[in-house]
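Structural description and commentary
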Amino acid sequence: MTGRDVVLTADRVSKAFSIPSVRRDTVREHVLGVLDPRRFERLQVLDDVSLEVRRGETLAIMGRNGCGKSTLLKILCGVYQPDAGAVTRQADITPILELGVGWNPELDAVDNVCLIGAVMGLTLQQVRRRMDAILAFADVERFANLKLKHFSSGMSSRLGYAVAFEAVRDVLILDEIFAVGDAGFRQKCEARYRELHEAGHTVVLVSHSVPIVRDFCTRALLIENGRVQLDGSPAEAIAAYLAMLTGTTAGAEAD
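Throughout what follows, the structure given in this document is the object of discussion. Please read these numbers as outputs of a predicted model, since none were measured by experiment.

A few points about the environment of arginine 227
Considering the arrangement of structural elements, one finds arginine 227 in strand E9 (residues 227–232). The partly exposed category is assigned to arginine 227, whose relative accessible area is 37%. On a C-alpha basis, the gap between arginine 227 and cysteine 67 in space is 8.1 Å, while along the polypeptide they are 160 residues apart. Of note is the side chain of arginine 227, whose polar atom sits 3.0 Å from the side chain of aspartate 47.

Following this line, the structure appears as structure tokens:
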């Protein structure tokens, strides 16, 4: 591999958040706490994480809840800035993370698709040309002129993914996408992902699903307590992940 094959690099990235050490849930607690400044503790979410993503590969990021996976994706996309280290992007990125952020509930589905499509880099002409396909993918054609505030959370999520899949650039970054929606919608997502993968798009995805990592990915990272514990084949990462969950020693490839 040459340097030109690397499309995304994280170099010794660290990230921490400050969280309140004492909870104040009621108005009385807030009033009584005015003279008692709130104390915070520092939560180290990522600690000295380095990785390279090469053109055309599919990299899985695995780990237990709270290990820093989603934070790492947001740093790779530029949503968060690292406290230390650096990220280098040598290709255009389409993030599919917390979809629905930026929706206007007072606008209908068509207007929201135009709005979010523009945010994701599509021109208005491109959005209009792809509108029927987007609505069909999300299975909301009947509700195209319904205000989004009347959509269920599932309908809004499907619509968000449908827009994002039409706005894909060189690198696609996914956070648990195959866990969204019913079985039919997940099959649509998998089929669309396969099309993008076969077209040569680079993919970074977070998933807890052993079958998805095994069937879709060419390489996998295992993260624990904000640090990379393993960078290897999907089979190696799956075995180590399952061993981590059960408290055993990693052995043969997982089924």
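With respect to helix H4 (residues 124–138)
At arginine 130, H4 shows its largest bend, some 55°. Among the residues of H4, Val127, Met131, Ile134, Leu135, Phe137 and Ala138 are the ones counted as buried. Buried-residue contacts for H4 involve helix H3 (109–119), helix H5 (153–166) and helix H6 (183–198). Where H4 ends, the next residue or the one after it, aspartate 139, has phi of about 60°, a positive value.

Focus: the sheet that holds strand E4 (residues 84–89)
Ordered by their spatial adjacency, three strands build an open sheet running E2-E1-E4, and the pairing between neighbours is antiparallel. The strands lining the two open edges of the sheet, one partner per strand, are strand E2 (40–54) and E4. In this sheet, adjacent strand axes meet at a mean angle of 25° when their direction is disregarded. By the bridge criterion, five bridges tie strand E1 (residues 6–20) to E4 in an arrangement that is antiparallel. Within E4, the residue paired with threonine 9 across the bridge is threonine 88.

Here's the deal with the nonpolar core
Side chains of a nonpolar character, in soluble globular proteins, are inclined to be buried together. Within the largest apolar cluster, 49 residues are counted, with the highest numbers of intra-cluster contacts made by Leu159, Phe165 and Leu172. Here this core takes seven residues from H5, the largest share from any one element. With residues up to four places along the chain from it excluded, the contact list for leucine 159 reads Trp103, Ala109, Val113, Ile134, Leu135, Ala138, Val140, Leu148 and Phe151. Membership of the second largest hydrophobic core comes to 27 residues, among which are Val7, Leu8, Val204 and Ile223.

Analysis parameters
- Residues numbered from 1 in each chain as written.
- Predicted model: local features only at pLDDT ≥ 70, side-chain atom pairs only at ≥ 80, totals over all residues.
- Heavy atoms only, no water.
- Helix = DSSP H or I, 4+ residues; strand = E, 2+ residues; numbered from the N terminus.
- Buried < 20%, exposed > 50% of the residue type's maximum accessible area, 1.4 Å probe, protein only.
- Polar contact = N/O pair within 3.5 Å; in protein donor to acceptor, adjacent residues only side chain to side chain.
- Bend = angle between axes of the 7 residues up to and from the residue.
- Contact = heavy atoms within 4.5 Å.
- Pairing = 2+ DSSP bridges.
- Axes fitted to C-alpha atoms, helices over the stretch in contact; angles between N-to-C directions.
- Core = buried A, V, L, I, M, F, W, Y, C linked by side-chain atoms within 4.5 Å.

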